[in-house]
Amino acid sequence: MKISLLKVILVLSVLNPFFSCNDNHFSEEKNIKKKLDNANLKLEKRPDITLNITDTLLNLNSKDSLKKSDLLLIYQVRQKAFSKLKKLDSVLSSGEHVRDIAANIPDSLAIAESLLYFRGGIDFNHIKKVEPYVSSAINLFKKLNRKYETGVVLELNGLLLGNKLDFINAQKNFFEAYEIYSKLDSLNALGKICLNMGNNFAYGKDMKNSFFYYKKALAIGKQIHNYKIEANALMNLGINYRKTDADTAMYYYNKALKVLTNKSEKKIKTMVLYNMANLESDRGNNIIAEKIYNEIKSNAISEKNYESLAVAYSGLSSIAINSGKSEESVRYLLKSIRIADSIGMKNLSMMLRPELISIYKNKGDYKKALTVTEELKTLSDSIFSKEKQIAINELDKKYKTKEKNQQIIHLKQASSLRQNIAIVLLFLSGSLFFMWYKKNKLHKEKTAAYSVLMRKYRDEKEKKQLKEINFSSTMNLNIKEKIDSKELFLFNKLNDYYLEEKPYLDSKLKIEQVAKKLNIPQRNLIAALRAGGYTSFTSYTNKFRIDEVKKLFEDPNLKHYKIEALALQAGFGAKQSFYNTFEKFTGVKPSYYRDEILKTDL
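We now turn to the structure provided with this report.

Rules behind the numbers
Residues numbered from 1 in each chain as written. Predicted model: local features only at pLDDT ≥ 70, side-chain atom pairs only at ≥ 80, totals over all residues. Heavy atoms only, no water. Helix = DSSP H or I, 4+ residues; strand = E, 2+ residues; numbered from the N terminus. Polar contact = N/O pair within 3.5 Å; in protein donor to acceptor, adjacent residues only side chain to side chain. Contact = heavy atoms within 4.5 Å. Core = buried A, V, L, I, M, F, W, Y, C linked by side-chain atoms within 4.5 Å. Buried < 20%, exposed > 50% of the residue type's maximum accessible area, 1.4 Å probe, protein only. Salt bridge = Lys/Arg side-chain N within 4 Å of Asp/Glu carboxyl O.

Let's talk about the side chain of threonine 541
Turning to step 1, where the next piece is worked out: Inspection of the secondary structure assignment puts threonine 541 in helix α26 (residues 537–554).
Turning to step 2, where the next piece is worked out: A distance of 2.9 Å separates polar atoms of two side chains, one belonging to threonine 541 and the other to tyrosine 498.
Turning to step 3, where the next piece is worked out: Those residues within four positions of threonine 541 in sequence are excluded, and the remaining contacts are Tyr498, Tyr504 and Leu509.

Here it is as structure tokens:
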């Protein structure tokens, strides 16, 4: 009996540390939960105390020793506390911790909720990091019927799409969020979404709707005494007026600064100052503008705000241009474009490249100008045009409706559907064959017609024996007889100007500019053009552009460049306009001219 009792005592003494260890572990878990509950209680009124509690938990326990679920809760609480204290950098870093931990658990709701803090004041470089999570977060919040949260993430998605220049789908997200906020009567959220909708309409050149939503945001900001919404709306109204009414623009900028007086909102104030600098630069006050741009640059570097840094460099480039310092302007533009590309700001990147192309053209560096033109073309091609996007959206709706109807029919009449499909396929096959036959026949006819035009072109070219682009063909003896001495003088003066200075390379060239440059009344210039056989200023200018395109086609060093890029280089601003004009002047399409006619000249 004594031996048995001794054995029991020995076993218990061996197992005691394990029981003690488990008790300590359960006690520790209970302590962590208690501290987290306390941190949550302090969150609304004392977020600083909440952070102290979570700091203590992280310092006393290694991250590896804490349960994943506890660690996730700690960083979720910290993100909320930093948001209350408006410490945006810490909000972002805590959110990254939340998403990393939640992805390993996994906890999709925690990931989705971490996106709710990406609102105003956070630059696009940071917003872009959460792009992979946005779509799933929208779907999850919709499934859980959490309407406000759905609106917040839809708004975030709209910002991402807008910065990719996908304005149509961005506006769809904004409208959906707008409807949600309206039904919830959430004025603060409604004011912010109105600002984003105004911005998106402005980027899409729909100024009427842009003004409408900015003014709506301004009214809401005043109603709820939200100085951020109010200042942003005033600034954006000023931006819209910049090109048409500089005084009204400055009025709105000053009102925005007045609203921000004694407020610690650096980002909005920086943007207001940037736009004031742009306006001062427009007015020729370069010293004032440069001082503001440099101040913005210094602040952006110290705060690591790359979005502001990009716009500061673009502003400094415009000052350099105004001062005749083209090399300095190129350096600033390249820095701005590099930053914009690195953080995915396609809108800014596309706005800056035409200025760089213009500088290279003026310097005569056509190779670099063409390279940037190709980059711009590639950037443009990656984004659907507004019309194409609308068409795709409509087709998508029709497809979904049709697909739904087909599913219903399939459930009711499976065998009948198979028969219908067979008939449709047979009909489509016949239609496709007929279309192929017609297209093939049309192609043969068109090829024959082009061959005739090609022969006529070569015959005409041999007769004229032109060695360079000029207008001797338009100034034959018959025309000269009809032009009086004054009109002949003006027409010759215009020809000399076009041949020597090549103003037609500017796609935005207007007759007013030419008349002013030559110091000729506009009506006299029109009379000279008509006497010279031209129905309009556009027709006259396009003749030079077509001849310029032909020269570029004939340059063997440019044979790898796309036709559209060369057209832009020659002064055409729109692809369709170029194709129509080229065929009108030559009788053939540009691709045919380049591939076939020039081939025969070699």
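Notes on the environment of isoleucine 526
Turning to step 1, where the next piece is worked out: Residue placement: isoleucine 526 occurs in helix α25 (residues 522–531).
Turning to step 2, where the next piece is worked out: In this structure, the C-alpha to C-alpha distance between isoleucine 526 and alanine 515, residues 11 residues apart in sequence, is 9.5 Å.

Some details on the nonpolar core
Across soluble globular proteins, nonpolar side chains have a tendency to be buried as a group.
Turning to step 1, where the next piece is worked out: Val134, Tyr181, Ile193, Tyr253 and Val272 are the most contacted members of the largest nonpolar core, which totals 52 residues.
Turning to step 2, where the next piece is worked out: Breaking this core down by element, the ones donating at least two residues are α7 (131–143), α8 (147–163), α9 (167–184), α10 (187–203), α11 (207–224), α12 (227–241), α13 (246–259) and α14 (266–282).
Turning to step 3, where the next piece is worked out: Examining the composition of this core, we find that eight residues originate from one element, α10, more than from any other.
Turning to step 4, where the next piece is worked out: Apart from the residues within four sequence positions on either side, isoleucine 193 is in contact with Glu155, Phe174, Ala177, Tyr178 and Tyr181.
Turning to step 5, where the next piece is worked out: With 34 residues, the next largest nonpolar core counts Ala289, Ala312, Leu348 and Ala369 among its residues.

Some points on the environment of isoleucine 296
Turning to step 1, where the next piece is worked out: Within the secondary structure, isoleucine 296 sits in helix α15 (residues 286–303).
Turning to step 2, where the next piece is worked out: Of the residues examined, isoleucine 296 reaches a relative accessible area of 4% and is grouped as buried.
Turning to step 3, where the next piece is worked out: Beyond its immediate sequence surroundings of up to four residues, isoleucine 296 is in contact with Thr270, Leu273, Tyr274, Ser308 and Ala312.

Focus: the pattern of salt bridges
Turning to step 1, where the next piece is worked out: The full count for this structure, using the stated rule, is 13 salt bridges.
Turning to step 2, where the next piece is worked out: Of the charged contacts, one joins aspartate 48 and arginine 46 as a salt bridge, the two residues approaching to 2.8 Å between their closest N and O atoms.
Turning to step 3, where the next piece is worked out: The partner of aspartate 282 in a salt bridge is arginine 242, with the nearest N and O atoms 2.7 Å apart. Taken together, the residues aspartate 282 in helix α14 and arginine 242 in the loop between α12 and α13 connect sequence positions 40 residues apart.
Turning to step 4, where the next piece is worked out: Given a relative accessible area of 42%, aspartate 282 falls into the partly exposed group.

By themselves these figures say nothing about function.
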